[in-house]
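Spelled out from the first residue to the last, the chains are:
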Amino acid sequence: MNQTTLANEISTTGVGLHTGVDVNLNLKPAPENTGYIFVRTDLDNFEIPASAEYISHCSYATTLMRRGVVLSTCEHLLSALRGSGVDNCFIELDNIEIPIMDGSSEDFLELIRSAGIAEQDSARRFLRVLKKVEVEQNGRLMSIEPSDRFEIECVIDFPHPFINRQSLHFVFENGSFGREIGSARTFGFTHEIEMLRKANLARGGSLDNAIVLTPDGMLNETPLRFEDEFVRHKILDIIGDFALLGMPVLGKITAEKSGHAVHAALMSKLLKTEGAWEIVK
Ligand SMILES: [Zn+2]
């Protein structure tokens, strides 16, 4: 199995969920062993590699920072790239935040599909997990352990009639991301959104790019895409954040009530734990 990149360059535009800024996004083919690199075309093509070492904060979205230059909300695009089996890609953008599109990875998947995927000459590398590593933060639990494939078992629990306890075991195999995960949208609660707005966040948020939940229902008039769309979106976020390991993973993730900060803590602990992983072809 060889590495892949995009067959063609492709562009789109959109608005940032938290900053509300307009952004032009351009995905470009990249050489073997590049991984994903963000390029701020508004700042002299400053590069920020999609790597766990550049995670700066991750409360409502995953933000990267290198030498003071920030790149926000990278997880849904990275999830689409990883989910499509693309190994190498330059991601050019002319603002601080990746556009939110419809709140899922669907538009990015469609872009990648229309650009096409090209096989390269070098063998694909995987980060293979060799022993179990786990983290716990205030009742949020997450672990990663050896497996010969990439799989995620995720449980969420929110006291809301549309959610309550949802669990799903996702196995990454040909096409499964597009069918089961890619179109699941992000979600938020009305009380949380008021708080975010006060903190000058969620400025680009609307019913076109998020499921907005009231205490006993939702504001969106269109139906849910899956009955358990919420847990599917959590899995989408996990795949996007774990793309920051720089290559596909062979391992099983178990997540209970996880969030971006827990994902970051687990990646950091995994990378620092001696003998917990190796790179294989
Ligand atoms: Zn998300």
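Calculation criteria
Residues numbered from 1 in each chain as written. Predicted model: local features only at pLDDT ≥ 70, side-chain atom pairs only at ≥ 80, totals over all residues. Heavy atoms only, no water. Phe/Tyr/Trp six-rings, centres within 6.5 Å; stacked < 30°, edge-to-face > 60°. Helix = DSSP H or I, 4+ residues; strand = E, 2+ residues; numbered from the N terminus. Buried < 20%, exposed > 50% of the residue type's maximum accessible area, 1.4 Å probe, protein only. Donors = N, O, S within 2.8 Å, 3.2 Å for Na, K, Ca; no water. Tetrahedral: all angles 85-135°; square planar, octahedral: opposite > 155°, others 65-115°. Pairing = 2+ DSSP bridges. Core = buried A, V, L, I, M, F, W, Y, C linked by side-chain atoms within 4.5 Å. 1 Å grid on protein atoms, 1.4 Å probe; cavity = no way out; pocket = protein on both sides within 12 Å on 5 of 7 lines; lining within 4 Å. Points joined across faces, edges and corners; volume = space filled by probe spheres on them. Salt bridge = Lys/Arg side-chain N within 4 Å of Asp/Glu carboxyl O. Axes fitted to C-alpha atoms, helices over the stretch in contact; angles between N-to-C directions. Contact = heavy atoms within 4.5 Å.

Chemist: How would you explain the packing of aromatic side chains if you had to name every residue and give the values?
Modeler: Each pair of aromatic rings is reported with the distance of its centres and the angle of its planes. Scanning all chains against the criterion turns up six aromatic pairs. Relative to Phe-187, the ring of Phe-158 has its centre 5.7 Å away and its plane inclined at 90 degrees; by these criteria the two rings are edge-to-face. Here Phe-158, found in strand S14 (residues 150–158), pairs with Phe-187, found in strand S16 (residues 187–189); they are 29 residues apart in sequence, far enough to count as distant. By relative accessible area, Phe-158 is classed as partly exposed at 24%. Between the aromatic rings of Phe-187 and Phe-230, the centroid separation amounts to 5.0 Å while the plane-to-plane angle is 85 degrees, which identifies the pairing as edge-to-face. One end of the pair, Phe-187, is in strand S16; the other, Phe-230, is in helix H5 (residues 229–242), and 43 residues separate them in sequence.

Chemist: How would you sum up the coordination of the zinc ion? Please name residues and give values.
Modeler: Every protein donor of the zinc ion is accounted for by His-76 (NE2), His-233 (NE2), Asp-237 (OD) and Asp-237 (OD), and the metal-donor separations fall at 2.1 to 2.7 Å. Around the zinc ion sit four donor atoms; with metal-centred angles ranging over 53 to 150 degrees, the donor geometry is irregular. What makes Asp-237 buried here is its relative accessible area of 7%.

Chemist: Now, about the pairing of strand S1 (residues 2–6): what can you tell me, with residues and values included?
Modeler: Taken across its five residues, S1 has four buried, putting it largely inside the fold. Examined bridge by bridge, S1 and strand S10 (residues 117–123) share four bridges and lie antiparallel to one another. Each bridged residue has a counterpart across the sheet, and for Thr-4 the counterpart in S10 is Glu-119.

Chemist: Talk me through the nonpolar core; I want residue IDs and the actual numbers.
Modeler: Among the nonpolar cores identified, the biggest contains 69 residues, and Leu-27, Phe-38, Leu-78 and Ile-91 are the most heavily contacted of them. Element by element, the count of residues in this core is highest for H5, at seven residues.

Chemist: Any chance you could break down the layout of surface pockets for me, citing the residues and the numbers?
Modeler: Of the voids in this model, the largest pocket is the one considered here, and its volume is about 950 Å³. Along its surface, the largest pocket is lined by 43 residues, and Tyr-60, Phe-187, Gly-188, Glu-192 and Lys-234 are the ones closest to its centre. Going through the elements one at a time, helix H1 (75–83), S14, S16, helix H4 (190–198), strand S17 (211–214), H5 and helix H6 (260–272) are the ones with two or more residues in the lining of the largest pocket. A volume near 480 Å³ is recorded for the second largest pocket. Residue lining of the second largest pocket: 25 residues in total, with Arg-82, Gly-85, Arg-124, Phe-172 and Glu-173 positioned closest to the centre. The set of elements that each furnish at least two residues to the lining of the second largest pocket consists of H1, helix H3 (176–180), H5 and strand S19 (249–256).

Chemist: Any chance you could break down the pattern of salt bridges for me, citing the residues and the numbers?
Modeler: Considering all chains together, one arrives at ten salt bridges under this definition. For Asp-87, the salt bridge is made with Arg-124, and the minimal N-O distance between the two is 2.9 Å. A residue pair is termed long-range when its members are at least 10 positions apart, and Asp-87 in the loop between H1 and strand S9 (89–93) and Arg-124 in the loop between S10 and strand S11 (126–129) qualify at 37 residues. Summarising the burial analysis for this pair, Asp-87 and Arg-124 share the class buried.

Chemist: Outline the sheet that holds strand S4 (residues 36–40), supporting the account with residue identities and numerical values.
Modeler: Read from one edge to the other, the open sheet built from five strands follows the order S2-S3-S9-S4-S5, with strand pairing classed as mixed. The two strands at the open ends of the sheet, each matched to only one other strand, are strand S2 (10–15) and strand S5 (46–49). Averaged over all neighbouring strand pairs, the angle between strand axes comes to 25 degrees, with direction disregarded. Sheet topology places S4 next to S5; four bridges connect them, and they run antiparallel. Note on S5: the bridge partner recorded for Phe-38 is Ile-48. Against the sheet, H1 contacts strand S3 (22–29), S4 and S9, and its axis sits at roughly 140 degrees relative to S4. Against the sheet, helix H2 (residues 106–115) engages S2 and S3, with an angle of about 165 degrees to S2.

Chemist: Run through the sheet that holds S16, naming residues and quoting values.
Modeler: Read across the open sheet, the three strands follow the order S16-S17-S18; overall the sheet is mixed. The open sheet has two edge strands, S16 and strand S18 (217–218), and neither has a second partner. By the bridge criterion, three bridges tie S16 to S17 in an arrangement that is parallel. By the bridge assignment, Phe-187 is partnered in S17 with Ile-211.

Chemist: Give me unusual backbone geometry: which residues, what numbers.
Modeler: Despite not being glycine, Met-101 has its phi angle at roughly 55 degrees, a positive value. Residue placement: Met-101 occurs in the loop between S9 and H2.

In short, the description is geometric, and any link to function would need to be established separately.
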